[in-house]
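Chain and residue survey
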Amino acid sequence: SLPRGAYACALLECGAGPGEVWAALGLDCGVGDTAGDGEAPAPPRDEREEGVLRRLLPRASRGGDVRTAVRCARSLRAGGGTLSVAEHEALVDALQAAGLPELAWAEAARMGAEADVGGGDARRAERAVAAGVRVLAAAGRAEEALGLAAESGLAPDPGTLGGLLSACADRPASAVGLVVLIEAAEELPGKPELTRVFQTLSRGGPGAADAAWRLYRATVAAGLEATTTMYGALMAALLREGQVQRALEAFSDVRRVKVELDSVVYGLLIDACQAGERWDVALGAFSESPPCLEEAPAAVWNRLLAGASAAGAAEPAELAGLVDRMRAQGVPPDVSTYGTLVGYAAGEGEWRLVRALYDAMHAEPGLEPEPWVYQHYLEAHARSPQVAMAAAEAARQAGAEERFGTLLASCAGAGAWEQAVAVFSQRRVAGLP
């Protein structure tokens, strides 16, 4: 007649399943006892059985056997005992994982109540709040979770913070409250968690920009190096609310610490410089050409050239010099690059530069200039019939009928009538009606 406690303890040591160990204890009082209803199980008969229950509860919780875990807790309480903090937390997590948020919440609340009864155990109360916050966050009740944490002055641990992050995903308003909790914590979360907060705040919302800026300053103060994604999300959040100066300050910081940035961040820099009329900052950054800019598409450079030329932020020759920088960085200029520069140079009367840019574009393999670029080119050569003839000859050989119309319009627009007559003659020679 081996005592039940000794037999259950032996099974526990041998690695038996939680249900088998529970059955060996023989504490069931009635049929139909489940995780949430039925008759309460009997209390442990002696200290050995209580010890088995306290070892069995966390094992059953970790193994996903919620029914056995709850029975252990109810048996211990039936004998007038209370659960330890670790046992409470294991049970709360198991109930939450099993999709029983209401029971998990009730268990977390009971944990807090036992802290009050026990004479105000501050550590237990804090962990009870953390468990409650995790339960609410897992149930998607982000606002309630943040409210509970803020009301109790909780500085969330990594596990609790992770749950809050998941609950606040795609909810910038909730993320603002989360930043307050992060600031109160003893240490900042890791880079992946911080990145998720920044990305949520970048979607905008009341106070999102200020919260993102405070979180960024806290990150810098903690000596944690921000990532490219963090900087991009931070600048996006700031620009959404028109905080251009802060966005430029953040970009200045990142250049100082030499973090490699992608074309997305440089695109945001252009937005900031356009809003703040600070093209000198953008031109300086692109002229220095950090290594990471090697993979920047031509579209980013073209945005810079279009914005700076429209604002008259630099001389045409200075902007044209960026073409060489693009090539050096492995970014081939395209039709838009040359078109923007040719148009700007023509508007400023820099006809020699227009001719040079057109010749450079003509030398690029696979580039077909837009008709209006031809017009600027022919305007630059209004006194040179040979140039118009050469272009007409090329059009004739290519069989490009529409190009003759462009050439004729360009010559007429420039008042170069001799060239226009010569182009028309070439068209006749080509046999075009």
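Please read all numbers here as calculations on a predicted model, not as lab measurements.

**A short note on the overall build of the protein**
Regarding its fold elements, the protein presents 24 helices and 0 strands. A buried classification covers 47% of the 433 residues belonging to the protein. Across the protein, every contact between residues at least 6 apart in sequence was considered, and the portion connecting residues at least 24 apart equals 63%. Carbon together with sulfur atoms contributes 51% to the accessible area of the protein, which is approximately 20,200 Å² in total.

**Side note on the environment of Leu-268**
Within the element layout of this structure, Leu-268 appears in helix 15 (residues 263-276). Along the sequence, Leu-268 and Val-300 sit 32 residues apart, while their C-alpha atoms lie 9.9 Å from each other. Apart from residues no more than four positions distant in its own chain, Leu-268 is found in contact with Gly-232, Met-235, Ala-236 and Leu-239.

**Some points on the packing of aromatic side chains**
Across all of its chains, the model carries 5 aromatic pairs by this definition. Arranged with centres 5.7 Å apart and planes meeting at 65 degrees, the rings of Tyr-216 and Tyr-231 form a pair that is edge-to-face. In this pair, Tyr-216 is assigned in helix 12 (residues 208-221) and Tyr-231 in helix 13 (residues 228-240), connecting sequence segments 15 residues apart. The pair Tyr-216 / Tyr-231 is uniform in exposure class, with both members buried. Ring centres of Phe-286 and Trp-301 lie 5.1 Å apart, and the angle between their planes is 80 degrees; on these two criteria the pair is classed as edge-to-face. Here Phe-286, found in helix 16 (residues 279-288), pairs with Trp-301, found in helix 17 (residues 298-311); they are 15 residues apart in sequence, far enough to count as distant.

**What about the packing of helix 3 (residues 47-62) against helix 5 (residues 85-97)?**
With their axes 8 Å apart at the nearest point, helix 3 and helix 5 run at an angle of 30 degrees to one another. In terms of their interaxial angle, helix 3 and helix 5 are classed as roughly parallel. The interaxial crossing formed by helix 3 with helix 5 has left-handed handedness. On helix 5, the residues that touch Arg-54, Leu-57, Pro-58 and Ser-61 of helix 3 are Glu-87, Ala-90, Leu-91 and Ala-94. Class assignment of the residues belonging to the contact of helix 3 with helix 5 gives a composition of 5 nonpolar, 1 polar and 2 charged.

**What about the confidence of the model for the protein?**
Confidence in the prediction for the protein averages 77 pLDDT; 71% of positions are at 70 or higher. Low pLDDT (under 50) marks residues 30-37, which in the prediction has 16 contacts with non-local residues, meaning those over four places away or in another chain.

**Here's the deal with the packing of helix 11 (residues 191-201) against helix 12**
Following both chains from N to C, one finds helix 11 and helix 12 inclined at 155 degrees, their axes separated by 9 Å at the closest point. Taken together, the axes of helix 11 and helix 12 are roughly antiparallel relative to one another. Like other packed secondary-structure pairs, helix 11 and helix 12 cross with a definite hand, here left-handed. Two secondary-structure elements touch here, helix 11 through Leu-194, Val-197, Phe-198 and Leu-201 and helix 12 through Ala-208, Ala-211, Ala-212, Leu-215, Tyr-216 and Thr-219. Within the contact of helix 11 with helix 12, the residues separate by chemical class into 9 nonpolar, 1 polar and no charged.

**A few points about the pattern of salt bridges**
With the rule as written, the count across this model stands at 10 salt bridges. Between Arg-246 and Asp-210 there is a salt bridge, and its shortest N-O distance comes to 3.0 Å. Taken together, the residues span a long stretch of sequence, with Arg-246 in helix 14 (residues 244-257) and Asp-210 in helix 12 at a distance of 36 residues. Overall, the relative accessible area of 28% leaves Arg-246 in the partly exposed class. When its relative accessible area of 34% is taken as the criterion, Asp-210 is described as partly exposed. Of the charged contacts in the structure, one is a salt bridge between Asp-253 and Arg-217, with a shortest N-O distance of 3.5 Å. Of this pair, Asp-253 sits in helix 14 while Arg-217 sits in helix 12, and the two are 36 residues apart along the sequence. Here the salt bridges do not stand alone but share partners, grouping Glu-50, Arg-54 and Glu-87 into one network.

**Concerning the environment of Arg-4**
Inspection of the secondary structure puts Arg-4 in helix 1 (residues 4-13). Measuring from C-alpha to C-alpha, the distance between Arg-4 and Ala-23 comes to 9.7 Å, with 19 residues separating the pair along the chain. Those residues in contact with Arg-4 that lie beyond four places of it in its chain are Ala-23, Ala-24, Leu-25, Gly-26, Arg-45 and Glu-49.

**Some details on the side chain of Thr-68**
With respect to the helices and strands, the residue Thr-68 is situated in helix 4 (residues 66-78). Looking at Thr-68, its side chain comes within polar contact range of the side chain of Asp-65, at 2.8 Å. Apart from the residues within four sequence positions on either side, Thr-68 is in contact with Pro-18, Gly-19, Trp-22, Leu-56 and Ala-60.

**With respect to a negative patch on the surface**
A grouping of Glu-315, Glu-318, Glu-348 and Glu-350 is seen on the molecular surface, where their side chains present a negatively charged patch. Assignment of secondary structure puts Glu-315 in the loop between helix 17 and helix 18 (316-328).

**Structural notes on the side chain of Thr-195**
On the secondary structure map, Thr-195 appears in helix 11. Relative accessible area serves as the criterion here: at 14%, Thr-195 is assigned to the buried category. Apart from the residues lying within four places of it in its own chain, the contact partners of Thr-195 are Thr-227, Thr-229 and Met-230.

**Section: the nonpolar core**
Among the nonpolar cores identified, the biggest contains 76 residues, and Leu-178, Leu-201, Phe-251, Leu-269 and Leu-319 are the most heavily contacted of them. Here this core takes 8 residues from helix 13, the largest share from any one element. Among the nonpolar cores identified, the runner-up in size contains 29 residues, and Cys-9, Val-21, Leu-25 and Leu-83 belong to it.

Cut-offs and rules
Residue numbers here run from 1 along each chain, matching the order of that chain's written sequence. Since the coordinates come from a predicted model, pLDDT governs what is reported: local features require at least 70, and pairs of side-chain atoms require 80 or more to be given and counted, while whole-chain, interface and lining totals use all residues. Note that the side-chain values use all heavy atoms of the structure and ignore hydrogens as well as water. A helix here means a DSSP run of H or I that spans at least four residues, while a strand means a run of E at least two residues long, and both kinds are numbered starting from the N terminus. Relative accessible area decides the class of each residue, using a 1.4 Å probe on protein chains only: under 20% of the type maximum gives buried, over 50% gives exposed, and in between gives partly exposed. The contact criterion used is simple: two residues touch if any of their non-hydrogen atoms lie within 4.5 Å. Note on areas: Shrake-Rupley with a 1.4 Å probe; residue coverage comes only from the protein chains shown. Two rings from Phe, Tyr or Trp (for Trp, the six-membered ring) form a pair when their centres sit within 6.5 Å of each other. Planes less than 30 degrees apart are called stacked, planes more than 60 degrees apart edge-to-face, and all others tilted. Working convention: axes come from line fits to C-alpha atoms, limited for helices to the stretch in contact. Angles between N-to-C directions cover 0 to 180 degrees. Any angle that falls under 35 degrees is termed roughly parallel, while one over 145 is termed roughly antiparallel, one within 65 to 115 roughly perpendicular, and all others oblique. For a crossing to be left-handed, the near helix must be turned anticlockwise from the far one by less than a right angle; the clockwise case is right-handed. As a working rule, the residues Ala, Val, Leu, Ile, Met, Phe, Trp, Tyr, Cys and Pro are called nonpolar, Asp, Glu, Lys and Arg charged, and the rest polar, with Gly in that last group. Here pLDDT means the predictor's own confidence in every residue, given as a number from 0 to 100. Think of a salt bridge as a Lys or Arg side-chain nitrogen and an Asp or Glu carboxyl oxygen that are within 4 Å of each other. Throughout this description, a polar contact denotes any pair of N or O atoms lying within 3.5 Å of each other; where both atoms belong to protein, one of them has to be capable of donating a hydrogen while the other can accept it, and for residues adjacent in sequence the pair is counted only when both atoms sit in side chains. For patch building, the residue pool is restricted to those with more than 30% relative accessible area and no salt bridge; the joining distance is 9 Å between like charges and 5 Å between nonpolar side chains (Val, Leu, Ile, Met, Phe, Trp, Tyr). Only four residue types enter the charge count: Lys and Arg as positive, Asp and Glu as negative, with His and the chain ends excluded. For charged residues, the charge sits on one atom: NZ in Lys, CZ in Arg, CG in Asp, CD in Glu. Definition used in this section: a nonpolar core is a set of buried Ala, Val, Leu, Ile, Met, Phe, Trp, Tyr and Cys residues joined via side-chain atoms within 4.5 Å.

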